[in-house]
Structure formats: structure tokens, C-alpha cells
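Here is what each chain is made of, one letter per residue.
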Amino acid sequence: MSDIRLEPVPGSDPDLQRALSASGLPVEDLEDPGRSFFRALCPDGGPFGYAGIEACGDAVLLRSMVVLPERRGRALGKALAKAVLNAIGDGKAVFLATTSAAPFFAGLGFIVVQRAEVPPAVLSTRQLSGICPASATIMKFTKPPT
């Protein structure tokens, strides 16, 4: 589904916070500076999910991606991830931390990396320095330059 649309929303958006909380994703730092969040809309205009990114110098942290429960099972997670990756500048390294979705992100081209391979700006985010457990899998996707 390539005709989805991303609409910016603030970290304070109650629907964003509810969707993340309901899926067990962290909400502690949503309103900190440097984060951008998006509501994903289907072609009919209805929301189907949320995602966020955090600028980390020359890298980006993909964070808090969720498809609403009533919209799951329709490949919308893949469409959401691709839309967010397309919104990130070319040549950027995109990192994420996950405790349960590594196979999903591997299918999108992310690879598992060790913490020693992660830039300090990404490691120092609240997500990776304290909110996510140390056992979380860290993955990387590199957007090729065009």
C-alpha cells in the first residue's frame, strides 16, 4: 500500500500516547525535544497507526511504531515502516531497538548490530540509555544515497 499518508502529530497527542501504551511501547519521553511523530492515514483518510523518529546527529532512531489493533493483519505495518523510511533523508543510518519485532524489521532490510557499532548520539537517547532493556535487539538500516 503505497498511497498511505503520514501526518505530523505532537508527542503530547492523546491518541498517539494511548496507542503506544496499549501496545506496551514506552511513552515516557514522547514530549522531549528532537522527536517527530506521525499518524499514518489510509487512502480513505482513516488512521491506522503511529510511528516516530528521533534525530541523532547523522543517524536516526526509528521508535514507537504501532498499527492500531483493529487495522492489524493487512500488511499496514510494512507500509508504515516503508513510508517512515522514505521520509528520512537519503544516506542516513536508521537504528531501532526491539524486544519482539526483530524478524519483522529483518524482512525490511534491517540487520542486527552490536551496541559497539551504534553511534554515541543514538546510544545516548533516552530510549537506548534507559527506557529499553539492555537485552533489546538493536538493528540498523542504511538508506543508500540517491
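Quick look at the structure, then. Residue positions are counted from 1 within each chain, in the order its sequence is given. Where local features are concerned, this predicted model is filtered to residues with pLDDT of at least 70; where side-chain atom pairs are given and counted, the filter is 80 or more; whole-chain, interface and lining totals use all residues. To obtain the side-chain values, all non-hydrogen atoms of the structure were included, while hydrogens and water were left out.

### Here we look at the overall build of the protein
(1) Moving on: Looking only at helices and strands, one finds 5 helices and 7 strands in the protein.
(2) Moving on: A run of DSSP states H or I qualifies as a helix once it reaches four residues; a run of E qualifies as a strand once it reaches two. Both are numbered from the N-terminal end. Helices and strands in the protein line up, N terminus first, as β-α-β-β-β-α-β-α-β-α-α-β.
(3) Moving on: Between the two quantities, the radius of gyration covers C-alpha atoms and the globule rule is 2.2 Å times the number of residues to the power 0.38. At 14 Å, the protein has a C-alpha radius of gyration in line with the 15 Å of a compact globule built from 146 residues.
(4) Moving on: Once the C-alpha set of the protein is aligned to its principal axes, its extents read approximately 45 × 35 × 25 Å.
(5) Moving on: Per-residue accessibility, obtained with a 1.4 Å probe over protein chains only, is compared with the maximum for each type, and a residue is labelled buried under 20%, exposed over 50%, and partly exposed between these values. Across the 146 residues that make up the protein, the buried fraction comes to 47%.
(6) Moving on: Whether two residues are in contact is decided by their heavy atoms: any pair within 4.5 Å suffices. Contacts in the protein between residues at least 24 apart in sequence constitute 65% of all its contacts with a sequence separation of at least 6.
(7) Moving on: His is not counted, nor are the chain ends, whereas Lys and Arg count as positive and Asp and Glu as negative. Charge positions come from single atoms, namely NZ of Lys, CZ of Arg, CG of Asp or CD of Glu. Separation of charge centres in the protein, based on 15 positive and 14 negative side chains, amounts to 5 Å.

### Considerations on the nonpolar core
(1) Moving on: By size, the foremost hydrophobic cluster in this structure holds 27 residues, and its most contacted members are Leu62, Phe105 and Phe110.
(2) Moving on: Among the secondary structure elements, those contributing two or more residues to this core are β2 (35–41), β3 (47–56), β4 (59–67), α2 (76–87), β5 (93–98), α3 (102–106) and β7 (137–142).
(3) Moving on: Of all the elements, α2 adds the most residues to this core, at 7 residues.
(4) Moving on: If near-sequence neighbours (up to four positions away) are discounted, Phe110 is found in contact with Leu62, Leu85, Val94, Leu96, Phe105, Met139, Lys140 and Phe141. Among buried residues, the Ala, Val, Leu, Ile, Met, Phe, Trp, Tyr and Cys ones that are joined through side-chain atoms within 4.5 Å form a nonpolar core.

### Quick look at the pairing of β5
(1) Moving on: Of all 6 residues making up β5, 6 are buried, and the element is well covered by its neighbours.
(2) Moving on: Because side chains alternate across β5, one face comprises the buried residues Ala93, Phe95 and Ala97, and the other comprises Val94, Leu96 and Thr98, equally buried.
(3) Moving on: Sheet topology places β4 next to β5; 3 bridges connect them, and they run parallel. Across the sheet, residue Ala59 finds its bridge partner in β5, namely Ala93.
(4) Moving on: Consider the strands pointing away from the viewer: the crossover is right-handed when the path from the first strand over the helix to the second runs clockwise. The parallel pair β4 and β5 is bridged by α2, and the resulting crossover is right-handed. Pairing between two strands is assigned when DSSP locates at least 2 bridges connecting them.

### Notes on α2
Residues lying three or four places apart along an α-helix face the same way, a consequence of the helix completing one turn every 3.6 residues.
(1) Moving on: Each helix should span, by expectation, one fewer than its residue count multiplied by 1.5 Å. Compared with the 16 Å implied by 1.5 Å per residue over 12 residues, the 16 Å span of α2 between its first and last C-alpha is a close match.
(2) Moving on: Considered for burial, the residues of α2 that qualify are Leu76, Gly77, Ala79, Leu80, Ala81, Ala83, Val84 and Leu85.

### Quick look at the packing of aromatic side chains
(1) Moving on: Only centres within 6.5 Å qualify two rings of Phe, Tyr or Trp (six-membered ring in Trp) as a pair; their planes then separate them into stacked at under 30 degrees, edge-to-face at over 60, and tilted for everything else. In the structure shown here, the tally under the stated rule is 3 aromatic pairs.
(2) Moving on: Ring geometry for Phe104 versus Phe105: centroids 5.0 Å apart, planes at 85 degrees, classification edge-to-face.
(3) Moving on: Phe104 sits in the partly exposed class, given a relative accessible area of 34%.
(4) Moving on: Here a set of aromatic residues connected by ring pairs shows up, and it is made of Phe104, Phe105, Phe110 and Phe141.

### Describing helix α1 (residues 14–22)
(1) Moving on: Every buried residue belonging to α1 is among Leu16, Ala19 and Leu20, and all of these are buried. The arc enclosing the buried residues of α1, seen along the axis, measures out at 95 degrees, which places them on a common side. When the buried face of α1 is taken as reference, the exposed residues oriented beyond 90 degrees from it are Arg18 and Ala22.
(2) Moving on: Close packing links the buried residues of α1 with β1 (5–9), β2, β3 and β4.
(3) Moving on: The backbone nitrogen of Asp15 has a side-chain oxygen 3.0 Å away, supplied by the residue at the start of α1, namely Asp13.
(4) Moving on: Where α1 ends, the next residue or the one after it, Gly24, has phi of about 75 degrees, a positive value. This arc is taken over the directions from the axis of the helix to the C-beta atoms. Each polar contact in these results corresponds to two N or O atoms within 3.5 Å; when the atoms are within protein, one needs to be able to donate a hydrogen and the other to accept it, and residues that are neighboring in sequence are counted only if both atoms are side-chain atoms.

Take it as geometry only, folks, not as evidence of what the structure does.
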